[in-house]
Amino acid sequence: MDAQVQLRISGLSSYYGVWRRTPISFRVGAVILAIHIVAAATGPFWAPYGLAQMGAGMPLSGMSWAHPFGLDQMGRDVFSRVLHGGHIVIIMALSGTMLGAVLGSIVGLLSGYLGGWFDDVVMRIAEALISIPFLILGMLVISMAGSELAGQPVLVIFVVGFIYLPRFARMARAAALDVITRDFVMVARLRGEDPWSVVRRELLPNATGVLLVEFALRAGTAPVLIASLGFLGFGLRPPTPEWGVLIAENRPLIVVAPETVLGPGFVLASLVIGLNLWTEGLARILGRTARTNDQ
Amino acid sequence: MTALRLIAGRFGLAFVTLFIVSIIIFAMVEILPGDVASRILGQLATAENLEVLRAQLQLNDPAPKRYLNWLVGIFQGDLGNTLTNQRPVTEMLGPRLKNTAILSLVAFALYLPLALIPAAIQALNRDTVKDHALSILTLIILSTPDFLLGTILLFGFVVVIPILPAQSLVDHTSSFLEYARAIALPATTLALVMAFYAVRMLRDNLIEVLDAEYIRTAELNGLSRRSVLWRHALPNALIPTLNVTALNFSYLIGGVVIVEKVFSFPGFGRLLIDALLLRDIPLIEITILIAAAVYIAANLAADVISIVLNPRLRSS
């Protein structure tokens with residue numbers, strides 16, 4: 001065998017070896033997530049019907065190969081609508097979580113580094129925000145944003161970020177307190193670096209592991225949060241095929257056409273199962289590497 | 001003494017947090033940029049309507065004064081009238097809170113066996129097919145959003161096996177049986193979510209206890225596997241789970257919002273959603289404050305339990 005080919009194979013097999021050594025939950029989760037991401041990215045291009053295209057078939061005619069999740073009362077193909085909704089769910093979940101992670105990390109790291117009254121005030125407010133059950137806090141913000149913003153994806157993304165902000169801040173602050181007494185932070189402070197640069201160059205790199213797991217965890221619950229808001233009528237508006245909205249729209253049909261509710265429900269639940277497995281595996285991997293680094 | 005001081009500290013912090021929550025709620029509802037009255041009425045409101053609403057909400061007073069009035073009102077039990085039907089807020093809240101309290105109690109009663117039985121089966125059949133099957137079931141139920149779980153239960157017990165009503169509508173004229181039938185599904189949904197949240201921890205605790213020396217002694221004394229489990233292992237495994245149970249209570253206050261909506265149950269959660277959808281300011285403020293207070297109380301209970309159960313703090 002040609003040396004180059006052999007090299008390539010051994011490169012591949014070492015990747016395969018790493019993959020084999022990851023926890024089983026991580027692998028199963030990654031496969032489920034990969035299917036979801038591919039379906040979300042490509043779905044709108046190969047979905048048999050449009051996202052709100054009526055007359056795709058006989059309304060409420062049940063499950064068939066042509067319509068795996070059936071048709072709603074307007075004759076819209078539910079499977080196509082689910083495919084058109086995938087990227088909405090994933091993009092909103094990721095960008096909302098990202099917003100909360102970035103702002104929350106800045107607030108938390110600064111708060112931990114500066115300490116004093118600033119820290120006290122910030123943490124009391126964060127604690128108070130966490131004390132309002134997150135779904136209720138989200139509904140409050142959406143309700144108070146007024147009717148012009150209602151139903152806008154930007155508002156939902158902002159709400160997800162706002163809900164996660166204090167939670168990230170708390171994690172980041174704890175991580176900051178963990179490293180703040182180390183020599184390199186002291187040296188940076190004595191060098192006369194301003195707080196912002198200490199936070200960015202000394203604290204942030206050391207908090208990355210914790211924040212990454214937190215990010216995975218929150219990004220995993222964000223689809224449920226967004227779908228719950230949509231289900232309750234506080235999220236996006238019909239006919240946007242976000243899955244929570246879709247399930248709420250089809251719920252009155254559960255007696256005559258249960259597949260129009262259970263189909264999207266199965267897809268949403270499988271996404272969350274994938275996310276949960278993957279996050280659990282990731283936490284285990286990062287926990288393990290963090291421990292080996294310490295030794 | 002350390003434990004007592006710690007507990008007193010937790011109580012103090014809880015009150016401070018609740019106080020800050022009240023400021024946040026008030027600020028979000030009444031001081032957010034933009035005019036409150038036009039936000040409630042929307043763009044089509046006439047100047048006249050806006051003026052009437054402003055007068056009713058006393059929006060012409062400065063914000064700190066309105067906040068103080070609101071706080072004083074809470075302590076005096078006078079919460080003003082709702083905007084939508086002009087009835088006293090307290091009168092609206094009473095029956096709704098009662099319904100939700102009953103719902104929560106039933107959910108908790110169902111929660112205990114639903115958590116205990118799978119955990120006991122798993123611990124006794126550790127690493128067997130049964131154990132893994134239940135672990136997968138736990139994962140699936142935990143991954144199913146509660147509105148979906150409720151909808152699936154609704155499908156099962158209303159459509160497939162039609163024994164329960166689709167809408168859990170009850171009022172003060174309902175008989176006990178009607179109440180029981182109305183509450184069955186929402187309570188089961190809540191109980192399932194809470195139970196499977198606790199199952200994994202309970203299983204691990206049980207396994208740990210079953211491996212302990214005193215359990216081996218009991219077994220060697222000839223006690224049956226079952227009596228060892230129920231009489232000796234379970235009480236010891238339950239104690240650490242108390243913490244989870246208290247935290248589950250804090251889930252409940254958010255959970256009822258969804259579950260009451262799914263089953264059209266006339267409780268506190270529905271009132272909260274309706275208030276927010278109709279932008280009924282007095283009702284919004286008090287319902288969210290109550291939700292936060294319950295959440296804070298549940299977390300306080302969890303904290304106190306773990307302090308009391310910590311032997312290092314107890315002995316000193």
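**Student:** For this particular structure, what's the right way to read the overall build of chain A?
**Tutor:** Assigned secondary structure in chain A consists of 10 helices and zero strands. The helix and strand sequence of chain A, counted from the amino end, reads α-α-α-α-α-α-α-α-α-α. The principal-axis extent of the C-alpha atoms belonging to chain A is close to 75 × 70 × 25 Å. For chain A, the residues scored as buried account for 47% of the 295 residues in total.

**Student:** Teacher, can you tell me more about the packing of helix H3 (residues 78–114) of chain A against helix H6 (residues 153–179) of chain A here?
**Tutor:** Axes are the key here: two packed helices are described by the angle between their axes and the distance separating the axes. Residue and element names in this part refer to chain A. Where H3 meets H6, the axes come as close as 5 Å, and the angle between the chain directions of the two elements is 35 degrees. Of the two possible hands of crossing, H3 and H6 adopt the one that is right-handed. Taken together, the residues that form the contact of H3 with H6 break down as 21 nonpolar, 10 polar and three charged.

**Student:** How do you make sense of the domain arrangement of chain B when you look at a structure like this?
**Tutor:** The figure often quoted for interface size is the accessible area lost as the parts come together. Residues and elements named next belong to chain B. One can read the domain layout of chain B as domain 1 (2–75) and domain 2 (89–315). On a C-alpha basis, the centroid separation for the pair domain 1 and domain 2 is 32 Å. Among the elements that line the side of domain 1 that touches domain 2, the one with the most residues is helix H1 (residues 2–31), at 14 residues. Split by residue class, the side of domain 1 that touches domain 2 holds 13 nonpolar, three polar and two charged.

**Student:** What is the right way to read the packing of helix H10 (residues 225–262) of chain B against helix H12 (residues 281–309) of chain B from this model?
**Tutor:** Residues and elements named next belong to chain B. Following both chains from N to C, one finds H10 and H12 inclined at 175 degrees, their axes separated by 8 Å at the closest point. One element, H10, and the other, H12, form an angle in the roughly antiparallel class. Between H10, through Ile239, Leu242, Asn243, Ala246, Leu247, Phe249, Ser250 and Ile253, and H12, the contact on the second element is made entirely by Ala291, Val294, Tyr295, Ala298, Asn299, Ala301, Ala302, Ile305, Ser306 and Leu309. Within the contact of H10 with H12, the residues separate by chemical class into 14 nonpolar, four polar and no charged.

**Student:** Would you explain the nonpolar core in this entry?
**Tutor:** Most often, soluble globular proteins keep nonpolar side chains buried together rather than apart. One finds A:Ile136, A:Ile226 and B:Ala195 to be the most contacted residues of the largest nonpolar core, which totals 151 residues. The dominant element in this core, judged by the number of residues it contributes, is helix H8 (residues 176–210) of chain B, at 17 residues. Once you skip the residues sitting within four places of it in the chain, B:Ala195 turns out to touch B:Tyr111, B:Leu114 and B:Ala115.

**Student:** Teacher, can you tell me more about the environment of B:Ala246 here?
**Tutor:** All names here are of chain B. Structurally, the position occupied by Ala246 is in helix H10. A residue is classified by how many C-beta atoms lie within 10 Å of it, and Ala246, with 19 of them, is partly exposed. Measuring from C-alpha to C-alpha, the distance between Ala246 and Ala101 comes to 16 Å, with 145 residues separating the pair along the chain.

**Student:** What is the right way to read the confidence of the model for chain B from this model?
**Tutor:** Residues and elements named next belong to chain B. Confidence in the prediction for chain B averages 81 pLDDT; 91% of positions are at 70 or higher. Confidence scores differ between elements of chain B, with helix H13 (residues 311–315) showing the lowest mean pLDDT of 60 and helix H11 (residues 268–278) the highest of 89. Model confidence for the complex is summarised by a pTM of 0.86, with the ipTM given as 0.86.

**Student:** Which parts of the structure should I look at to understand H6(A)?
**Tutor:** Given 3.6 residues per turn, any residue in an α-helix points the same way as the ones three and four places further on. Residues and elements named next belong to chain A. Taking 1.5 Å as the rise per residue, H6 with 27 residues should run 39 Å; its terminal C-alpha atoms sit 38 Å apart, in good agreement. Its axis deflected by about 35 degrees at Leu165, H6 carries its strongest bend there, up to four residues before the proline Pro166. Burial analysis of H6 places 19 of its 27 residues in the buried class, the great majority of the element.

Calculation rules
- Residues numbered from 1 in each chain as written.
- Chains lettered and ligands numbered in written order.
- Predicted model: local features only at pLDDT ≥ 70, side-chain atom pairs only at ≥ 80, totals over all residues.
- Helix = DSSP H or I, 4+ residues; strand = E, 2+ residues; numbered from the N terminus.
- Buried ≥ 20, exposed ≤ 12 C-beta atoms within 10 Å, placed from the backbone.
- Axes fitted to C-alpha atoms, helices over the stretch in contact; angles between N-to-C directions.
- Left-handed = near helix turned anticlockwise from the far one by under 90°.
- Nonpolar A, V, L, I, M, F, W, Y, C, P; charged D, E, K, R; others polar.
- Domains from an automatic or database assignment.
- Parallel < 35°, antiparallel > 145°, perpendicular 65-115°, else oblique.
- Contact = placed C-beta atoms within 7 Å.
- Core = buried A, V, L, I, M, F, W, Y, C linked by C-beta atoms within 7 Å.
- pLDDT = per-residue confidence, 0-100.
- Expected span 1.5 Å × (residues − 1).
- Bend = angle between axes of the 7 residues up to and from the residue.

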